[in-house]
Amino acid sequence: MRFEIMRLDDIDGTAVDSTVVDAASVNRIVQQAAAVGQRLWIRPADTPAS
C-alpha cells in the first residue's frame, strides 16, 4: 500500500509539500518528523483504476 505524506505549515496548517511512499517508509518519516516537531498529514495514496 502507498501513502501520501504532506508536510504542514507551522502557522496555518496548509500543505507545504507532499510525497508518496510505500508503507515501509511511513514509520521512518514519522519518526524524523517527530524528532523536529514537524506536522504531517498522512492518507492512503490515490491508486490508478485498473
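Each remark here, short or long, concerns the structure printed above.
A. Representation of the nonpolar core in the model. In this structure, F3, I5, V21, V26 and I29 together form the largest nonpolar core, which totals 5 residues. Among the elements of the structure, β1 (2–8) and α1 (23–36) are those that each provide at least two residues to this core. In this view, I29 contacts I5, V21 and L40; residues no more than four positions away in its chain are not counted.

B. Highlighting the sheet that holds β1. With antiparallel pairing, the 3 strands of this open sheet are ordered in space as β2-β1-β3. Edge positions in the sheet fall to β2 (15–22) and β3 (39–44), since each has one partner strand and no second. Shown here is a sheet whose adjacent strand axes are inclined to one another by a mean of 25 degrees, direction ignored. Sheet analysis places β1 next to β3, joined by 6 bridges and oriented antiparallel.

Reading the values: rules and limits
Residues numbered from 1 in each chain as written. Predicted model: local features only at pLDDT ≥ 70, side-chain atom pairs only at ≥ 80, totals over all residues. Heavy atoms only, no water. Core = buried A, V, L, I, M, F, W, Y, C linked by side-chain atoms within 4.5 Å. Buried < 20%, exposed > 50% of the residue type's maximum accessible area, 1.4 Å probe, protein only. Helix = DSSP H or I, 4+ residues; strand = E, 2+ residues; numbered from the N terminus. Contact = heavy atoms within 4.5 Å. Pairing = 2+ DSSP bridges. Axes fitted to C-alpha atoms, helices over the stretch in contact; angles between N-to-C directions.

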